[in-house]
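Fold and geometry: a report
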Amino acid sequence: MYDIVGERLTQALRLADVSATKARLASLQHDASSDSIWDDPTRAQGLLTEISSLKDELAEIDRFKALLEDAAFALELAQLEDSSSSELAELLSQARSSLQQLAAALDTWELRVLLAGPYDEAGALLTITAGAGGVDAMDWAEMLERMYSRWAAAHGYSLSVSDRSPGEEAGIKGAELTIRGRWAYGYLKGEKGTHRLVRSSPFNAKGLRQTSFAGVEVLPLLDASTQQQQLAIPDKDLELSFMRAGGKGGQNVNKVETGVRLLHIPTGLAVKCTEQRTQEANRKIALERLTAKLLVVLEEQQAAQLADIRGDVVKAEWGQQIRNYVFHPYKLVKDTRTGCETSDISAVMDGGLDEFITAYLREQGRQQQEQRLAAPTA
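Thresholds applied
- Residues numbered from 1 in each chain as written.
- Predicted model: local features only at pLDDT ≥ 70, side-chain atom pairs only at ≥ 80, totals over all residues.
- Heavy atoms only, no water.
- Helix = DSSP H or I, 4+ residues; strand = E, 2+ residues; numbered from the N terminus.
- Buried < 20%, exposed > 50% of the residue type's maximum accessible area, 1.4 Å probe, protein only.
- Contact = heavy atoms within 4.5 Å.
- Areas by Shrake-Rupley, 256 points an atom, 1.4 Å probe, with all protein chains shown as cover.
- Pairing = 2+ DSSP bridges.
- Axes fitted to C-alpha atoms, helices over the stretch in contact; angles between N-to-C directions.

With that settled, consider the overall build of the chain. The number of helices and strands found in the chain is ten helices and eleven strands. Within the chain, the fraction of its 378 residues that count as buried is 41%. Restricting the contact set of the chain to residue pairs at least 6 apart, pairs at least 24 apart contribute 63%. About 20,500 Å² of surface is accessible on the chain, with carbon and sulfur atoms providing 50% of the total.

Attention shifts here to the sheet that holds strand 2 (residues 158–166). Strand pairing in a sheet relies on backbone hydrogen bonds, with the paired strands running either antiparallel or parallel. Strand order in the open sheet formed by eight strands is 2-3-1-5-4-9-10-11, with mixed pairing between adjacent strands. Looking at which strands have only one partner, the edges of the open sheet turn out to be strand 2 and strand 11 (341–342). When strand 1 (residues 123–130) meets strand 3 (residues 172–180), the two strands line up antiparallel, connected through six bridges. Residue pairing for strand 3: Ile 128 is matched across the bridge by Ala 175. The strands touched by helix 5 (residues 134–154) are strand 1, strand 2, strand 3, strand 4 (193–200), strand 5 (209–221) and strand 9 (321–326); relative to strand 5, the strand with the most contacts, the crossing angle is about 45°.

Turning our eyes to something else, we now look at the sheet that holds strand 7 (residues 259–264). The strand order across the open sheet built from three strands is 6-7-8, with neighbouring strands paired in antiparallel fashion. Because the sheet does not close on itself, it has two edges, and the strands there are strand 6 (238–243) and strand 8 (269–273). On average, adjacent strands in this sheet sit at an angle of 20° to one another, irrespective of strand direction. For strand 7 and strand 8, the ladder comprises five bridges, and the chain directions are antiparallel. Residue Arg 261 lies in a different strand from strand 8, and its bridge partner there is Lys 272.

The next thing to look at is unusual backbone geometry. For the bond running from His 328 to Pro 329, omega is 15°, close enough to zero to count as cis. Positionally, Pro 329 belongs in the loop between strand 9 and strand 10 (332–335).

See below:
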């Protein structure tokens, strides 16, 4: 086990390029020490954020090395002990524990290496929308809301419900979950698509099998300065309309049209925001979400022209689902893209999504590697 984990660490150190990371950190720290650094607060904050991130990366590598050294030291001492001594068993147990910790840490690190997208480190705005299936679909949307809330809590992310529309009889018509924390978008971006539920309906007196759908969309949480640097949307390309807001917000809610719907005319992409008290506040948030949506589409369709995009929200209909959740007549959760599956549906609905997230990221990494190998060399 020591040799296997040691080889994995060697490969990780090669990929991490510690010397280049240290050089980058030194350069940024030199820039941050300038007296004029705060003349541009946005740039200053960006520098400090990157410095903190690089320090974390180097500290993590040091922790990896320390765990391997601990295991090596315990094994070296074990060779000096009598084969029947209790100290030998304790030393071997210590070495095994250090190697297991290192292997688990490397699993997480190797997965994060796959999060190489420009927005993967950002938080996420996850939107759930009930699709075809009536009351069952609304109940399904609420079940997904609970699933993602459990996943976020298990991973230490901060979660808030920024918008929620209850169903008339049960469940929800839709909800927006704001998930804050590093890598949240990178991990959750593969959840975008239609999720299909098959079960015996609790809303049908005969208990007939019912198929329901819910759509999930995931956008990165990007600050305004980052969005402006990446993409500026001309006002002439935007169509603004207003609606009555719902939920919390004071006496204006449901009385005046403070809600905002923003349409990007060339692409047909649209977003709405109703959670704030004023049109201006809702318009600002809507523009941020629309910009994030356009940036994600441009990343996904690198060769496509912006004008060719006709919307990236997957419609909740047959044949477009990314994952099936079967409660009846058998229990199975299966991802249609990766083939990853499990019969432990209760664990999945309690937020146990890591197996599916990992499989998706590895599949994306494999496809990207194949594309690089197939690309003609200059």
